[in-house]
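Letter by letter, the chains look like this.
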Amino acid sequence: MRSRGGGEHSLGLKSDGTVVAWGDNSGGQCDVPAPNADFVAVACGYWHSLGLKSDGTVVGWGNNYWGQCNVPAPNADFVGVAGGGHHSLGLKSDGTIVAWGYNEQGQCDVPAPNVDFAGVAGGMYHSLGLKSDGTIVAWGWNDYGQCNVPAPNADFVAVAGGGGHSLGLKSDGTIVAWGWNDYLKSSDTPVETAFYATLVPEDGAVLLRWMLPSCSGGVGLMIYRALSADGPYSCITPEPLPDAALGSYVDETAWPGGTFWYELRALLASGEEILATDIHPSVTVPGTLEFGIRYVMPNPATARASIGYSLPEGWRSARLSVHDVAGQLVRRLDPATGARGLVAVDWDGRTSSGERVASGVYFVRLEVDGAVATQRMVLLR
């Protein structure tokens, strides 16, 4: 059985052409799609998986936030496959490389001439291609020099990509490695860390990614966010993230027109939180936030519902309320003075006096400076 490792999961290819997957499955990266047969190669991304079929097609499964599982047409004539952090690569029989998925660092932009490739590999945010003449081409994120192939760039027979480093196997059996190398520094040498915040332009989300010299020794990592560099910072991760030296998280609750600062903390077994890095990256989301009700969920609700709505900068008066079908006021859930951005509040299915309301149709009403938005919801007892 040949195997491949991803961020926190693994894949194994059996001699009968089936794939076995194990490890973290939060994105479905271990759920091999049917029919689990006729595979000839497998590859792991951070939270997604790829399999090459004997007919030259590629199958992708798992986290697909950036389309890393959507193989571009024509899905045919592939002879090799590789997974990056949140992107994917396929080697065609004509020696060209196809790349798809997350591309903010240019890791999917195969440099010209896109010909004569014999191998392909993916790093976290960079990509590598092995040419038929034994040279290596690398592109994408290069903050640690992981795309700068050391001289002499010749006689390579295989290539691989890591989080912030790259490796090449020479024809004489030696290995060349380049890029991020902090794990080989002595213990008394200051070690650099990285914590980045970048905008995902397609939907206004913020991608956070980090590289720590080692795991913090805690039980998880927490991400905090503030509206100024000085804080206050509030936790935005509903539960601790894996305590890994290399990781990423998408903040989907940032709003247009806002500037956000982030903090990465390590959660210790004692419950104490300490800074995992002193770096506080910031990012500004373009656009203007408009008021409105963003969601009511679950809907229908059986006991309580979460209501999400947005408040623009500088609002003067705001009122959030729940009404019955006759228009009678059931409950006031007004925002706190100074609240802005995306706001969430729970309604426990009770009136202002604490009485449980009956099953039926209700309306959530948001009024901001005279403008009104409403949304229908159903309560089932």
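Above: the structure in question.
A quick note: this is a predicted structure, and the numbers were derived from the prediction, not measured.

Trainee: Looking at this structure, I do not really get the pattern of salt bridges. What am I missing?
Mentor: If charged atoms from side chains of opposite charge come close, those side chains can pair. Tallying each qualifying case throughout the model produces 6 salt bridges. A salt bridge links Asp 334 to Arg 332, with the nearest nitrogen and oxygen atoms 2.4 Å apart. Exposure remark for Arg 332: the relative accessible area of 38% places this residue in the partly exposed category. Among the charged side chains, a salt-bridge network with shared partners connects Glu 263, Arg 265 and Glu 273.

Trainee: Can you help me understand the nonpolar core in this one?
Mentor: Side chains of nonpolar character tend, in soluble globular proteins, to be buried together. Residues Ile 307, Leu 311, Trp 347, Tyr 362 and Met 377 are the most contacted members of the largest nonpolar core, which totals 24 residues. Elements with a contribution of two residues or more to this core: strand E24 (292-297), strand E25 (305-311), strand E26 (318-324), strand E28 (341-347), strand E29 (360-368) and strand E30 (371-379). Not counting residues within four places of it along the chain, the set of residues in contact with Trp 347 comprises Ala 303, Arg 304, Ala 305, Ile 307, Val 322, Val 330, Arg 331, Leu 333, Val 357, Tyr 362, Met 377 and Leu 379. Core analysis: the next-biggest nonpolar cluster, separate from the first, contains 21 residues, Leu 208, Leu 212, Ile 223 and Tyr 262 among them.

Trainee: Hey, could you run me through the sheet that holds strand E4 (residues 39-44) in this one?
Mentor: Backbone hydrogen bonds are what pair the strands of a sheet, in a parallel or an antiparallel way. The strand order across the open sheet formed by 3 strands is E4-E5-E6, and the pairing between neighbours is antiparallel. The sheet is open, and its two edges are formed by E4 and strand E6 (58-62), each paired on a single side. The mean inter-strand angle of the sheet, taken between neighbouring strand axes irrespective of direction, is 20°. In this structure, E4 lies alongside strand E5 (residues 48-53), joined through 5 bridges in antiparallel fashion. Residue Phe 39 lies in a different strand from E5, and its bridge partner there is Lys 53.

Each value, and the rule that gives it
Residues numbered from 1 in each chain as written. Predicted model: local features only at pLDDT ≥ 70, side-chain atom pairs only at ≥ 80, totals over all residues. Heavy atoms only, no water. Salt bridge = Lys/Arg side-chain N within 4 Å of Asp/Glu carboxyl O. Buried < 20%, exposed > 50% of the residue type's maximum accessible area, 1.4 Å probe, protein only. Core = buried A, V, L, I, M, F, W, Y, C linked by side-chain atoms within 4.5 Å. Helix = DSSP H or I, 4+ residues; strand = E, 2+ residues; numbered from the N terminus. Contact = heavy atoms within 4.5 Å. Pairing = 2+ DSSP bridges. Axes fitted to C-alpha atoms, helices over the stretch in contact; angles between N-to-C directions.

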